[in-house]
Amino acid sequence: MRQIAFNKVYLTGKEKYYINDALSRGSLSGDGFYTHKVSEFLEEKFALNRVLMTTSANHALEMAAQLIELKEGDEVIMPSFTFSSTANAVLKEGASPVFAEIKSDTFNLDPTDFEAKITTRTKAVIPVHYAGVSCEMDQIKEIAAENDLFIIEDAAHAVNSFYKEQAAGSLGDFGCYSFHGSKNFVSGEGGALIINSKQPKIIEKAEIIREKGTNRSRFLRGKIDKYNWVGEGSSYLPSDILMALLFAQLEALDKITLERKKVFDYYNQHLKEFLTEDFLELISSVPVDRQSNYHIYYLKFRNQKIRDFVLQQLRENGVEATFHFQPLHASPMGRKIGYHKKDLENTNKIAARLLRLPIYPDLSSADLEYITAALRGIFKKIKQAGV
Ligand SMILES: *Cc1c(COP(=O)(O)O)cnc(C)c1O
């Protein structure tokens, strides 16, 4: 029997070359040769104002929370259907995450529920571009502007995704990318903060937070002759060795995306016929005004029982499919901050019915044929037995 992993890190073959080069340059700590190369690459490729490489998306989110000066009593609206990092950054500043519903078609923040949850304490919104498909940014931006809210995009899934020709991460005040090993382009652990404000003050403040509260970045640019401790900060800059690894990945960004698209299209082509069945409600799709990076391929079933059956059957066939986020409001920490499992009904329903299939460049056409044949067999069983 074939064994098909849920995810496999794709290596271009150039990673070792660039890592060795970083080593021979003696370039190990932050903001070296390769860190500049990758941040310039991202700025150019996605027309971004300023990119600061970080150790993770979680850290980029933390930096954004500090930059908007979140404090105790402030509220930040975000979907419950996301990773813990989105809420961590808010909690860390003593502010409160407020969970909103997601839309039934893209599983992205529901603009109507976002608007309904705004109070006098709301300071920001964090839309999460789920699966590499951007949120309804025109609506979200309009609501945020009317209510004077900051927008921090959690674009951890969405490097190389676009909304009406504009890159994810460039649409709010700040954007956060992830290069974690589970994402499309990887440095193992890594991320980036995108600063869309052109105000030099904001960028300078971000550099200080990132560089242990010092103005070392200005010093490195030759603006001052020594650097000092000038404010609050931490150490959010990645080693240049990891950025050398990432450079190899970013060079292959279009190729990696194309390979993922092929898998996505294959599933769509072979599974769409089952949409007429009443047990299958949804397969992955990309709205016409958006461009995906094909981070995730999902199916949504009529109920949890069917989803769990398909999951278990796929595993018995050696295919490692999986569910996704446990909604944050229903997690132990969510309940600790006052939420109840039964809150956010639509989010609960979607999370319980969602199944993700393997999607990565190294899946062979034989793997894909095997997975879709297995699904066809499982669907037949469902029809016959009426699960
Ligand atoms: C992966 C992920 C993160 C965290 O990324 P790290 O780089 O591992 O910190 C944040 N938000 C979402 C939606 C994610 O999927």
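Up top is the structure these notes are about.
Residues numbered from 1 in each chain as written. Predicted model: local features only at pLDDT ≥ 70, side-chain atom pairs only at ≥ 80, totals over all residues. Heavy atoms only, no water.

**Q** Could you clarify how one ought to interpret the nonpolar core in this entry?
**A** Soluble globular proteins tend to bury their nonpolar side chains together. The biggest cluster of nonpolar side chains holds 46 residues, and the ones touching the most others in it are F114, I140, I152, F174 and L193. The leading source of residues in this core is helix 3 (residues 57-67), at 6 residues. When we break this core down by domain, the ones giving at least three residues each are domain 1 (15-251) and domain 2 (253-385). Each residue touching L193, except ones within four places of it in the same chain, is listed here: R50, V51, L52, T54, A60, M63, A64, L67, F174, G175 and C176. If you look at the next biggest cluster of nonpolar residues, it comprises 33 residues, including F264, Y266, Y294 and V310. (Core = buried A, V, L, I, M, F, W, Y, C linked by side-chain atoms within 4.5 Å. Buried < 20%, exposed > 50% of the residue type's maximum accessible area, 1.4 Å probe, protein only. Helix = DSSP H or I, 4+ residues; strand = E, 2+ residues; numbered from the N terminus. Domains from an automatic or database assignment. Contact = heavy atoms within 4.5 Å.)

**Q** Even after reading the chapter, I still don't get the environment of F114, so can you show me in this structure?
**A** On the secondary structure map, F114 appears in helix 5 (residues 111-116). Overall, F114 belongs to the buried group, its relative accessible area being 0%. Separated by 11 residues in the primary sequence, F114 and V125 place their C-alpha atoms 8.2 Å from one another. Residue contacts for F114: discarding those within four places in its chain leaves I77, A100, L109, V125, I140, I143, A144 and L149.

**Q** What is the right way to read the packing of aromatic side chains from this model?
**A** Remark: the centre distance and the inter-plane angle together describe each pair of aromatic rings, the angle taken between the planes. Going through the model one piece at a time under the given rule, you end up with 22 aromatic pairs. Relative to Y297, the ring of Y267 lies with its centre 4.8 Å away and its plane at 45°, an arrangement referred to as tilted. Of this pair, Y267 sits in helix 10 (residues 253-271) while Y297 sits in strand 12 (residues 297-301), and the two are 30 residues apart along the sequence. Judged by relative accessible area, which is 0%, Y267 ranks as buried. An aromatic cluster is defined as three or more aromatic residues linked by ring pairs; in this entry it consists of Y17, Y18, F33, Y34 and F247. Over the face of the ring belonging to F33 we find R25, whose NZ or CZ atom lies 3.5 Å from the ring centre. (Phe/Tyr/Trp six-rings, centres within 6.5 Å; stacked < 30°, edge-to-face > 60°. Lys NZ or Arg CZ within 6 Å of the ring centre and 35° of its normal.)

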